[in-house]
Amino acid sequence: MNRLLRLPFSAALLALAALLPTARDALAQTTPKAVYESACGPCHGAGVLGAPKFGDAEQWAPRAKAGIDALVKSAIAGTAKGMPPKGGRADLTDAQLRAVIEYMMAGDTPAAAAAPAAAAAPVAAVARNAAPTPPATAEVNAFNRLLKPLGRFNRPAMESGIHDPANDMTAQLQPPSTAFATLPKSMAGNHVDWVKALDGKGITPRWDRNDPAAAAVVMDLNIVREVKGSMPDVVYPHKQHTEWLDCSNCHPAIFVPQKGANQISMASILLGQKCGVCHGKVAFPVSECRLCHSRKKAAATTAGVAPEGKP
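Residues numbered from 1 in each chain as written. Predicted model: local features only at pLDDT ≥ 70, side-chain atom pairs only at ≥ 80, totals over all residues. Heavy atoms only, no water.

Caption draft 1: How the structure looks around the packing of helix 3 (residues 32-44) against helix 6 (residues 94-106). Contact geometry for helix 3 and helix 6: axes closest at 10 Å, N-to-C directions at 65 degrees. Classified by chirality, the crossing of helix 6 by helix 3 is right-handed. On helix 6, the residues touching Pro32, Lys33, Val35, Tyr36, Cys40 and His44 of helix 3 are Ala99, Val100, Tyr103 and Met104. The residue inventory of the contact of helix 3 with helix 6, partitioned by class, reads eight nonpolar, one polar and one charged. (Axes fitted to C-alpha atoms, helices over the stretch in contact; angles between N-to-C directions. Helix = DSSP H or I, 4+ residues; strand = E, 2+ residues; numbered from the N terminus. Left-handed = near helix turned anticlockwise from the far one by under 90°. Contact = heavy atoms within 4.5 Å. Nonpolar A, V, L, I, M, F, W, Y, C, P; charged D, E, K, R; others polar.)

Written as structure tokens, this is what we have:
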């Protein structure tokens, strides 16, 4: 019998989270195809603002005359027509950029698409006028979308499913990977530690739409929910949430502000209810168990930490 099946549900969830691929996915997002899809495809797939289309030898030919080194140099610096430096992927090396450019010039050959970008060999340009199929965006806010492979997080505006890819100005928007580059890193969600970003003033959420100088109404109170089994108790920090959310975002539609009035379970969260309204969509995914289950069973109630419903 599978030992995993005999674990409590919460422990099994932890075990499954530990099995999620990490190194393999990190390597996968550096292949020429993955880099193209995450950074270059929105413009080069459709020829936005005159960008040479993927695999179109005729459009690439004038640029290829200057040599691959000149193309790499141009990609590093960005262009006046709207291409950001390195296509918005500041993490790419010169070798990776070279491999991606060669991949776009050649088209979707199996060898070029699968090889890691840093070690990919040059490929000859071939004619391919058809643009690649754009990624599906119908479920951009689907529950737990942040649990998909790492190559899917922080997609450019043209692929986000939120912005209009037919509008040329969408291509001018700063890619999330560039916008988040200086923020504290995390391995969860979209790989930004938003709590540290708040504490370090890396971000300053605007509290009032009409008054940019309005101060946030912050509630520095933790709510503890005792859970059954071996999992640590859940600590809900109001401070980090109210630094950029008004109470009306959660109360009373999601949580009734009354002791015992809220039935919260992992099943409901996994269905996108209660905490799952945000977590797994716009906040870190539920696989990061210890970010919520953070108080040991034996820990005594301390100042500033109260059981649910108590001040």
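Okay, back to it.
Caption draft 2: Summary view of the packing of aromatic side chains. Under the counting rule described, the total for this entry stands at five aromatic pairs. Geometrically, the ring pair formed by Tyr36 and Tyr103 is edge-to-face, given 6.0 Å between the ring centres and 75 degrees between the ring planes. Taken as a pair, Tyr36 in helix 3 and Tyr103 in helix 6 lie far apart in primary sequence, 67 residues in all. Here Tyr36 matches Tyr103 in class, with each residue buried. (Phe/Tyr/Trp six-rings, centres within 6.5 Å; stacked < 30°, edge-to-face > 60°. Buried < 20%, exposed > 50% of the residue type's maximum accessible area, 1.4 Å probe, protein only.)

Caption draft 3: Quick look at helix 6. Taking 1.5 Å of rise per residue, the 13 residues of helix 6 would be expected to cover 18 Å, and the 18 Å separating its terminal C-alpha atoms lies within 8% of that figure. Counting buried positions along helix 6 yields 10 of 13 residues, so the element is predominantly enclosed. Once helix 6 finishes, Gly107 follows within two positions and takes phi at roughly 100 degrees, a positive value. (Expected span 1.5 Å × (residues − 1).)

Caption draft 4: Fine view of the pattern of salt bridges. Counting across every chain of the model gives four salt bridges. Arg295 is paired through a salt bridge with Asp233; the nearest N and O atoms lie 3.2 Å apart. Highlighted residues: Arg295 in strand 3 (residues 293-295) and Asp233 in strand 2 (residues 233-237), separated in sequence by 62 residues. Overall, the relative accessible area of 3% leaves Asp233 in the buried class. Between Glu243 and Lys239 there is a salt bridge, with its nearest N and O atoms 3.0 Å apart. One salt-bridge network, held together by shared partners, links Asp233, Arg295 and Lys297. (Salt bridge = Lys/Arg side-chain N within 4 Å of Asp/Glu carboxyl O.)

Caption draft 5: How the structure looks around helix 3. Over its 13 residues, helix 3 runs only 14 Å from end to end, short of the ideal 18 Å by more than 12%, given 1.5 Å per residue. Of all the bends found along helix 3, the most pronounced is centred on Ser38 and spans about 55 degrees, while Pro42, a proline, follows it within four residues. Burial of helix 3 is extensive: 10 of the 13 residues sit out of reach of the surface. (Bend = angle between axes of the 7 residues up to and from the residue.)

Caption draft 6: Region of the structure containing the nonpolar core. Grouped together as the largest cluster of nonpolar side chains are 16 residues, with contacts concentrated most on Tyr36, Cys40, Ile101 and Met104. The set of elements that each furnish at least two residues to this core consists of helix 3, helix 5 (68-77) and helix 6. Take this core: its biggest share by element is six residues, from helix 6. Those residues within four positions of Ile101 in sequence are excluded, and the remaining contacts are Trp60, Ile68, Leu71, Val72 and Ala75. Formed by five residues, the second largest nonpolar core is a distinct cluster that contains Val192, Ala197, Leu198 and Ile203. (Core = buried A, V, L, I, M, F, W, Y, C linked by side-chain atoms within 4.5 Å.)

Caption draft 7: Structural detail: the environment of Pro52. Among the structural elements, Pro52 can be located in the loop between helix 3 and helix 4 (57-64). With a relative accessible area of 5%, Pro52 lands in the buried category. A C-alpha to C-alpha distance of 8.8 Å links Pro52 and Met105, two positions 53 residues apart in sequence. Pro52 has contacts with His44, Gln59, Trp60 and Arg63, leaving out every residue within four places of it along the chain.

Purely spatial values, then, with no claim about function.
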